[in-house]
Amino acid sequence: DKVLYTMYCSTGMTNSTDTATPHGTYYIQAERGETFYNAQEEEGANYYTSWSGHGSLLFHTVPIDVNGNYIKSEAAKLGKKGGASHGCVRLTIPDAKWIYTNIKYNTKVVID
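Residues numbered from 1 in each chain as written. Predicted model: local features only at pLDDT ≥ 70, side-chain atom pairs only at ≥ 80, totals over all residues. Heavy atoms only, no water.

On a plain count of helices and strands, the protein comes out with two helices and seven strands. For the protein, the succession of helices and strands along the chain, N to C, is β-β-β-β-β-α-β-α-β. In terms of overall size, the protein behaves like a compact globule, its C-alpha atoms giving a radius of gyration of 13 Å where 112 residues would be expected to give roughly 13 Å. For the protein, the spread of C-alpha atoms along the principal axes amounts to about 40 × 30 × 25 Å. The proportion of buried residues among the 112 residues of the protein is 36%. At a minimum sequence separation of 6, the contacts of the protein that also span at least 24 residues come to 62%. Only carbon and sulfur atoms are counted for the fraction: they give 50% of the accessible area of the protein, which is about 7,100 Å². (Helix = DSSP H or I, 4+ residues; strand = E, 2+ residues; numbered from the N terminus. Rg over C-alpha atoms; globule rule 2.2 N^0.38 Å. Buried < 20%, exposed > 50% of the residue type's maximum accessible area, 1.4 Å probe, protein only. Contact = heavy atoms within 4.5 Å. Areas by Shrake-Rupley, 256 points an atom, 1.4 Å probe, with all protein chains shown as cover.)

What follows concerns the pairing of strand E7 (residues 108-111). Every second residue of E7 is oriented toward a common face, the buried set being Val109 and Ile111 and the non-buried set Lys108 and Val110. Sheet topology places strand E2 (residues 24-27) next to E7; four bridges connect them, and they run antiparallel. When the sheet's bridge partners are listed, Tyr26 is paired in E7 with Val109. (Pairing = 2+ DSSP bridges.)

Take the nonpolar core next. Within the largest apolar cluster, 12 residues are counted, these being Tyr26, Ile28, Tyr47, Trp51, Leu57, Phe59, Val89, Leu91, Ala96, Ile99, Val109 and Ile111. Among the secondary structure elements, those contributing two or more residues to this core are strand E4 (43-52), strand E5 (57-61), strand E6 (89-91), helix H2 (93-102) and E7. With residues up to four places along the chain from it excluded, the contact list for Ile111 reads Thr21, Pro22, His23, Gly24, Tyr26, Trp51 and Val89. (Core = buried A, V, L, I, M, F, W, Y, C linked by side-chain atoms within 4.5 Å.)

Here's what the structure looks like:
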């Protein structure tokens, strides 16, 4: 019943049910880590925390390239309307790290 933290984010592309961020109630899952890279998508991210699909839908930083550099054009989409991700919730580096560090397993997540 109390706002703890407000963050700018970008979410899934709304033009496809495959890439939209699904609405609903979820719970933080065990999968989390400092970095990942998906060669098929040619991007990864840092400070990821799973909230659905055991690693399929995550809170994480804006994308990184194969060399670990943040993709600035994707960072510019934070807080703007329109989708950017493939369903994940993209955050600033400090915000993704805050969730990774502070939000415990099984914490309720509501995507509305």
